[in-house]
Structure formats: C-alpha cells, structure tokens
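Breakdown of the fold
Each chain, letter by letter, is given below.
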Amino acid sequence: MSYTRVSQSMLVSQVMSNLNSQTRKLMDLQNQLSTGQCINAPSDDPIGARTALNSRKTIQKNEQYVKNIALADPILNDTSSTLDTVINILQRAEELTVQGSTGTNSQDDLDYIALEVNELVEMMVDSGNHVTNGRYIFGGTCSLDEAFTATTDATTGEITAVTYNGNSEKIEMQVSDRTSVAINETGDAVFQDSEDIFQVLINIRDNLRSGDQTALGSNLTDLENAQSQVLSATARVGATQNRLETMTSQLEDYISNSEELLSLTIDIDYADVYVDLSAQENAYQAALSAASQVLQPSLLDFLS
C-alpha cells in the first residue's frame, strides 16, 4: 500500500481553493440580490442567457412595431376626418344643385347659389391640402409641397382649375416581420379619379351662373359618382384603422408573453435567494473556522 505525502503547502492550497469557491458562491448570491436576476453573465446559464436574449429582441422589435402604428394614427385619423368633411361638402353641393335645377329660380337666385358653391370649391381645395405633422397627407410620398395647386381667374380671383402636384405612391409602414401597411390616401385617387371633384364643383358653379338646367341635371350624377369615390377611400381608411388596432392588440400580447418568459428565465425568487445566502454565509464562516484550525503555525514554519 502506497501513501501520498501531504505537505503543508498542499494543505494550504486546498484550503485556499475551498475558501475561494465559498467566496465565489457568496458573491454570486449577493450579485443576484443586487440585480434581481439569476443570470448576470452568459456563463451563469448559457441556455437561459440565449433565451433571455431572444426574448429581449422580440420585445424590442414588437415595441417598435407598436410605435410605428402610433405614428400612423394621426395620419389615418386626420385622413378620415378630412374625408368626412369632403363628403359633407359634396352633400351640400348636391342640395344646392337640386335647388338650382328646379327651374323655379330667377337668375339672381342662381347667382347667389353659385356664390355658395364657389365657397365649396375653396373648401374642397383646403381639404385636399390638409397638413398633418408638417406634411400634406394627400400628396403621396411628395408630402412636403402642396398636394393641389389652384389656378385662379385674374379678374375675379375664383378658382378655374386644380392641378395635383403629388404622386400615386403609398406610404408603407412596417407593422410586423412580414407585413407593411399603406397608411395614406393619395390625392389623385380621392379627388381626381373617375371624377375630378374640383372640376365637378367648378362646373356646377359655372352652370348655375349660365342658368343651364340640363347641365345641372348631369352634374347631380357627377356628384353621386364623386361621393361614391370618396366613400370608397373612407372605407379603405377605416379598414386600415381596424386592422392596425387589431395588430396593436396582438403585438401587446406578444410583448406581454415575451416579458413573462424573460421574467421566468432571469428573475430571482428573493425568498429563496435570501435563504441560500444565509446558508452560504454559514458555510463560509465554517470554512474560515476550519481553515484557521488547519493552518496553525508548525515547527517547520519557524525552521524554514
């Protein structure tokens, strides 16, 4: 039978290694209490650290999508409100056109009606050039300049034609990993598609002044088509708003679920850690006591 000689230096090395191990465990528990997390470095739990990293990435990404939708809300809300105004203008124009086309009005009466229609033309151009957050919402992606330019008569100052300055491009907003949503309505689609709404109103005004009853009858059909055109845009905006509202709710659920997973992965149970810390402190004190007994000076220490 062979024996391994245990030297004093070996004994000291083993004691110091044990003390270091106890100190490291004590430090880890104190660090957990300080941060509230059981994973403070990838080495603490490589798999848990990766899960936590993926959860944080998912949370950040979905929070950005929620912010994107929030940025789209003012544009969609203002677009919806402006389209409601446009519908109201067209409905009032229809009332005035019916009134003027009865054949019972004097020309003076028709001229007075034409004055109000002229105001509706002005209001329609103002609606087409609505600005939200410094941008013309109906200009497509050319939103820094006026969407519509009005040509006016040099003598009367009345609008005789309206030109679209924007484009037909949609503003796309990323709302999920694979989905982007158009958040704008372009001016050409709303105001100058199958019916040029501005020109319809201008024609009504001019036909009232000329007393052309036949043309006014035709203008009523134009107004109906114009209203259908705007209502289609209103429906698109409403559908987009509903879709984004649903997506916001889903994204918030995803964020909540990811936060719960992250919490389960890295958050500590304070009660358990306090118990472990108390036990570790006792173990550390016991190790120190044992070390003080083992590392008593010997005769060899004085002879060396």
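1. Digging into the nonpolar core
Within the largest apolar cluster, 49 residues are counted, with the highest numbers of intra-cluster contacts made by Leu90, Met124, Phe191, Leu201 and Leu208. Of all the elements in the fold, those that place two or more residues in this core are helix 2 (46-100), helix 3 (107-128), strand 4 (159-164), helix 4 (187-191), helix 5 (197-210) and helix 6 (213-266). Leu90 has contacts with Met124, Ile197, Leu201, Leu223, Ala226, Gln227 and Val230, leaving out every residue within four places of it along the chain. By size, the runner-up hydrophobic cluster in this structure holds seven residues, among which are Ala52, Ile59, Ile255 and Leu262.

2. Considerations on the packing of helix 2 against helix 5
The geometry of a pair of packed helices is captured by two quantities: the angle between their axes and the separation between those axes. Where helix 2 contacts helix 5, the two axes come as close as 11 Å, and the packing angle between them is 25°. On the basis of their axis angle, the class for helix 2 and helix 5 is roughly parallel. Note that helix 2 runs across helix 5; the crossing there is left-handed. From helix 2, Ile89, Leu90, Ala93, Thr97 and Gly100 reach across to helix 5, where they touch Ile197, Leu201, Ile204 and Leu208. Split into classes, the residues belonging to the contact of helix 2 with helix 5 amount to seven nonpolar, two polar and no charged.

3. Topic: unusual backbone geometry
Here Asn133, not a glycine, exhibits a phi torsion of approximately 55°, which is positive. Here Asn133 is to be found in the loop between strand 1 (131-132) and strand 2 (135-136). On the accessibility criterion, Asn133 (65% relative accessible area) is exposed.

4. A word on the packing of aromatic side chains
By the definition in use, this model includes five aromatic pairs. Both rings, one in Phe191 and one in Phe198, keep their centres 5.3 Å apart while their planes meet at 15°; by these two values the pair is stacked. Of the two residues examined, Phe191 and Phe198, each falls in the buried class. One aromatic cluster in this structure is built from Phe138, Phe148, Tyr164, Phe191 and Phe198.

5. Notes on the pairing of strand 4
Here five bridges tie strand 3 (residues 148-152) to strand 4, and the two strands are oriented antiparallel to one another. Residue Thr151 lies in a different strand from strand 4, and its bridge partner there is Ala161. Two successive antiparallel strands, strand 3 and strand 4, enclose a turn made up of six residues, where Gly157 displays a positive phi of approximately 75°.

6. Details of the packing of helix 2 against helix 3
Running from amino to carboxyl end, helix 2 crosses helix 3 at an angle of 165°, the nearest separation of the two axes being 10 Å. Taken together, the axis directions place helix 2 and helix 3 in an arrangement best described as roughly antiparallel. Classified by chirality, the crossing of helix 3 by helix 2 is left-handed. Contacts between helix 2 and helix 3 pair Thr82, Thr85, Val86, Ile89, Leu90, Arg92, Ala93, Leu96, Gln99 and Gly100 from the former with Leu110, Ile113, Glu116, Val117, Leu120, Met123, Met124 and Ser127 from the latter. For the contact of helix 2 with helix 3, the class distribution of residues is 11 nonpolar, five polar and two charged.

7. Description of the environment of Val162
For Val162, the position within the fold is in strand 4. For the pair Val162 and Phe198, spaced 36 residues apart in the sequence, the C-alpha separation amounts to 6.6 Å. Residues in contact with Val162, not counting those within four places in the same chain, are Val125, Phe148, Thr149, Ala150, Gln192 and Phe198.

8. Details of the side chain of Thr240
In this structure, Thr240 sits in helix 6. Not counting chain neighbours up to four residues away, the residues in contact with Thr240 comprise Leu76, Val181 and Ala182.

9. Quick word on helix 3
Here helix 3 contains 22 residues, and its C-alpha end-to-end distance of 31 Å stays within 8% of the 32 Å for a straight helix at 1.5 Å per residue. Taken as a whole, helix 3 has its buried residues at Leu110, Ile113, Ala114, Val117, Asn118, Leu120, Val121, Met124, Val125, Ser127 and Gly128.

10. Looking at the environment of Asn203
For Asn203, the location among the structural elements is in helix 5. Classification of Asn203 by relative accessible area gives partly exposed; the value is 29%. Note: C-alpha distance between Asn203 and Thr160 (43 residues apart in sequence) is 9.2 Å.

About the cut-offs
Residues numbered from 1 in each chain as written. Predicted model: local features only at pLDDT ≥ 70, side-chain atom pairs only at ≥ 80, totals over all residues. Heavy atoms only, no water. Core = buried A, V, L, I, M, F, W, Y, C linked by side-chain atoms within 4.5 Å. Buried < 20%, exposed > 50% of the residue type's maximum accessible area, 1.4 Å probe, protein only. Helix = DSSP H or I, 4+ residues; strand = E, 2+ residues; numbered from the N terminus. Contact = heavy atoms within 4.5 Å. Axes fitted to C-alpha atoms, helices over the stretch in contact; angles between N-to-C directions. Parallel < 35°, antiparallel > 145°, perpendicular 65-115°, else oblique. Left-handed = near helix turned anticlockwise from the far one by under 90°. Nonpolar A, V, L, I, M, F, W, Y, C, P; charged D, E, K, R; others polar. Phe/Tyr/Trp six-rings, centres within 6.5 Å; stacked < 30°, edge-to-face > 60°. Pairing = 2+ DSSP bridges. Expected span 1.5 Å × (residues − 1).

From the geometry alone we can't say anything about function, so treat these as descriptive.
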